[in-house]
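Below are the chains, spelled out letter by letter.
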Amino acid sequence: MNRYVELRQRQQEEFNALPLGFAFSREQFYEMMRGWGLDPEKDCDKIYRLPGGGYVQKKDADLLHQTTERHSAEMAAAIAEDKTGEGFIYQMFLAELADHEYGYTGDSEDTLDALGYTMEQVRADKRLLCGFEKARREILERG
């Protein structure tokens, strides 16, 4: 299996297990707060708001930060270990190009955005460029 996909799946499972709440309406917010045993009117000082409608209790914020920092470090290490771009980096680009329908659109911008790269950054790193080009060719050959 694709090592990048395996890493992302494991990290997603770990993230999903975090004690986060999501609310997109006042009713959902009240329900989330009550589920945490908090008063939605009086205990707002005990939570942090996250992007995308997410919330975390202040007591769990360190766990969230530690997990996201560890995930970033794991990804960076896996990329750094690929000395040629034909291993993990290639698998990373292959998975993301496929997920962002590069074979249909021929547009890699969404892929690069998802990975946090610009095309200039990819071109400036021989390993990234090698993996990107190899994955791009494979996607196009699949038709």
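Structural data are supplied above this passage.
Residues numbered from 1 in each chain as written. Predicted model: local features only at pLDDT ≥ 70, side-chain atom pairs only at ≥ 80, totals over all residues. Heavy atoms only, no water.

Enquirer: Honestly, the side chain of Glu96 in this entry has me stumped. Any pointers?
Expert: Along the polypeptide, Glu96 turns up in helix H4 (residues 88-99). Put simply, Glu96 is tucked away with no salt bridge, and the nearest opposite charge, on Arg8, sits 4.8 Å away. (Helix = DSSP H or I, 4+ residues; strand = E, 2+ residues; numbered from the N terminus. Buried < 20%, exposed > 50% of the residue type's maximum accessible area, 1.4 Å probe, protein only. Lys, Arg positive; Asp, Glu negative; His and termini not counted. Salt bridge = Lys/Arg side-chain N within 4 Å of Asp/Glu carboxyl O.)

Enquirer: Whenever I open this one, the pattern of salt bridges confuses me. Can you help?
Expert: Close approach of charged atoms lets side chains of opposite charge pair. Taken as a whole and assessed by the stated rule, the structure comprises 10 salt bridges. The salt bridge partner of Lys46 is Asp43, with a shortest N-O separation of 3.5 Å. What makes Lys46 partly exposed here is its relative accessible area of 41%. Exposure remark for Asp43: the relative accessible area of 13% places this residue in the buried category. When the shortest N-O distance is used, the salt bridge between Arg142 and Glu138 registers 2.8 Å. Of the two residues, Arg142 and Glu138 both sit in helix H8 (residues 126-142), 4 residues apart, roughly one turn of that helix.

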